[in-house]
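Below, each chain spelled out in residue letters.
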Amino acid sequence: MRNIVILNSLHFSYPLPILMRVSYNTLIVKQNTSDYYKYTNNCGISSIFTHDLQYLYFMATSKEMTSGRPFPLIFNFALPLLLGNLLQQTYSLVDAAIVGQFLGINDLAAVGAGTSVVFLILGFCNGCCGGFGIPVAQKFGARDYGTMRRLVSVSLQLAVVMSVVIAIVTSLFCADILKVMRTPETIFRNAYYYLLVTFIGVPCTFFYNLLSSIIRALGDSKTPFWFLLFSTVLNVLLDLFCILVLDWGVTGAAIATVISQGVSAGLCYFYMMRKFEILKTTVAERKFQTSLARTLLYIGVPMGLQFSITAIGSIMLQSANNALGTACVAAFTAAMRIKMFCMCPLESLGIAMATYSGQNYGAGKPERIWAGIKASGWMMLVYCAFVFVVLLLGAKTFALLFVEASELEILKDTELFLHISVIFFPVLGLLCILRYTIQGAGYTNLAMLSGVSEMIARTLVSLFAVPAWGYFAVCFGDPTAWVFADLFLIPAFIYVYGKIKRIVPPSVGAATVA
């Protein structure tokens, strides 16, 4: 640390400069990019105003992204997100790999038969959770901590009601959903039980994603990763125990996943309440407030619908693929698991941009959002070049995780799907960056409309291309959707950025030293 000046009397304007360290009677603040000041007070820092203490505490326990170079900020924030997303995809990989290797091709197809339906339901839940975190990030960026606490409290209350209702409704219609998707009779029973258990466990998934979103909104992307790491290891152990020891088949795989996610949600909650003292609410702040609920739902529901609308197209595509037979279902399942795993860095960059743009939008710094777009774009292109080489050379090797080497047709179809998908990864990367940036700025309706573009593309491929060209057309379903979405998102971002640039930044006085 350089240019330290010890001062016994500091008078700060609001907001306070960035905290570097706090002890009982000493704090270090940052005046600008090169000068740091050490403030000492014999009475202890408790003599500083409460508003100041809240900000100081946050700077000690969380990550503000409204100052500093965008590239390292986004990269360092996205890295734990990436590891967490990889672990989340490991859930699916482990389930499918263990089922495929120990139970056979039919059971692997049963696990994958309802993949797009799971994406529809859980995607809606995850989208809502991400949306609920955006107002929290914005209030954090604006340093309005009272409203931020009330938003957290209301979001938890909404989560209870929404997750229980979703679990009940989807469980009741589980069999009908599989019938509509033309699930082959040979795998219908196992597909039903796997899907049913997954739907019953919706509250576990909902709460983990909501709590993780809140913690990330405060700039802490590392903690959810460590909890997820623990629950992933637990999931692997429970998978093996339920399938090999208890002989519960695909149902055991679903039970293992739900239990693991429930443990992760519980750990996140207890950590958040203990670590972030500023989030401990009063009785008045815990009261349900309709106006805040409307704010959360206005942002969260469109984000959830965006995933669900996207998933409708995926359901159409999977239904068309299901009609091609069990072998195509198995190949599609294996390829989708691998593709989703490889997509994690792109999703992580997008999620990081949602928090980054949310905080900078709240702080009235729109110019930093464009700088973040450019920084994340370079990271995306480097990764796409890397993963292109990996999948071009190793797609067949990865497919062997799920099926035996003797299943030549399934291996060939899996490899074809991955080769076509990876060519379009830069298109997907741009989609993630622009969509999440728009969401972070609060324009979730536009992001939802990009999901409509994806749905239209997948529907067209399902209705017209798959009947004509079979599985080969299925491989182009997702890439076509990504192109359609980008054609909408590029002008949408230009529109949004033009609007937020015209927003007058809130008056942020520079710290002064008397």
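Residues numbered from 1 in each chain as written. Predicted model: local features only at pLDDT ≥ 70, side-chain atom pairs only at ≥ 80, totals over all residues. Heavy atoms only, no water.

1. Considering the overall build of the protein
Part 1 of the argument: A tally of regular secondary structure across the protein gives 18 helices and 4 strands.
Part 2 of the argument: Residues classed as buried in the protein amount to 58% of the 514 residues present.
Part 3 of the argument: By sequence separation, contacts in the protein at least 24 residues apart represent 81% of the contacts at least 6 residues apart.
Part 4 of the argument: A total of about 21100 Å² of accessible surface is found on the protein, and carbon and sulfur atoms cover 68% of it. (Helix = DSSP H or I, 4+ residues; strand = E, 2+ residues; numbered from the N terminus. Buried < 20%, exposed > 50% of the residue type's maximum accessible area, 1.4 Å probe, protein only. Contact = heavy atoms within 4.5 Å. Areas by Shrake-Rupley, 256 points an atom, 1.4 Å probe, with all protein chains shown as cover.)

2. Details of the pattern of salt bridges
Part 1 of the argument: In this structure the tally under the stated criterion is 4 salt bridges.
Part 2 of the argument: We note a salt bridge from aspartate 478 to arginine 458, for which the minimum N-O separation is 2.8 Å. Taken together, the positions of aspartate 478 in helix H18 (residues 477-501) and arginine 458 in helix H16 (residues 444-469) put the pair 20 residues apart, joining distant regions of the chain. Each of the two residues, aspartate 478 as well as arginine 458, counts as buried.
Part 3 of the argument: Look at the salt bridges and you will find they share partners, linking Lys339, Arg435, Glu454, Arg458 and Asp478 into a network. (Salt bridge = Lys/Arg side-chain N within 4 Å of Asp/Glu carboxyl O.)

3. Considering the side chain of threonine 414
Part 1 of the argument: Structurally, threonine 414 can be placed in helix H14 (residues 408-423).
Part 2 of the argument: Of the residues examined, threonine 414 reaches a relative accessible area of 0% and is grouped as buried.

4. Notes on a nonpolar patch on the surface
Part 1 of the argument: A cluster of nonpolar side chains, namely Val160, Val161, Val164, Val165, Ile168, Val169, Leu172 and Phe173, defines an oily patch on the protein surface of about 730 Å² accessible area.
Part 2 of the argument: Structurally, valine 161 is set in helix H5 (residues 145-172). (Patch = residues over 30% accessible without salt bridge, like charges linked within 9 Å, V, L, I, M, F, W, Y side chains within 5 Å.)

5. Details of the packing of aromatic side chains
Part 1 of the argument: The full count for this structure, using the stated rule, is 10 aromatic pairs.
Part 2 of the argument: Arranged with centres 6.2 Å apart and planes meeting at 25°, the rings of tryptophan 370 and phenylalanine 493 form a pair that is stacked. Placement of the pair is tryptophan 370 in helix H13 (residues 366-399) and phenylalanine 493 in helix H18, with a sequence separation of 123 residues.
Part 3 of the argument: Where phenylalanine 425 meets tryptophan 482, the ring centres are 6.1 Å apart and the plane angle is 70°; that geometry is what we call edge-to-face. (Phe/Tyr/Trp six-rings, centres within 6.5 Å; stacked < 30°, edge-to-face > 60°.)

6. Examining the confidence of the model for the protein
Part 1 of the argument: On average, the protein scores 80 in pLDDT, and the residues at 70 or more come to 85%.
Part 2 of the argument: Confidence scores differ between elements of the protein, with strand S1 (residues 4-7) showing the lowest mean pLDDT of 37 and helix H17 (residues 471-475) the highest of 96.
Part 3 of the argument: This stretch, residues 1-61, has a pLDDT under 50; its non-local contacts, to residues over four places away or in other chains, come to 129 contacts.
Part 4 of the argument: Confidence drops under a pLDDT of 50 for residues 504-514, and excluding neighbours within four residues, the segment shows 23 contacts in the predicted structure. (pLDDT = per-residue confidence, 0-100.)

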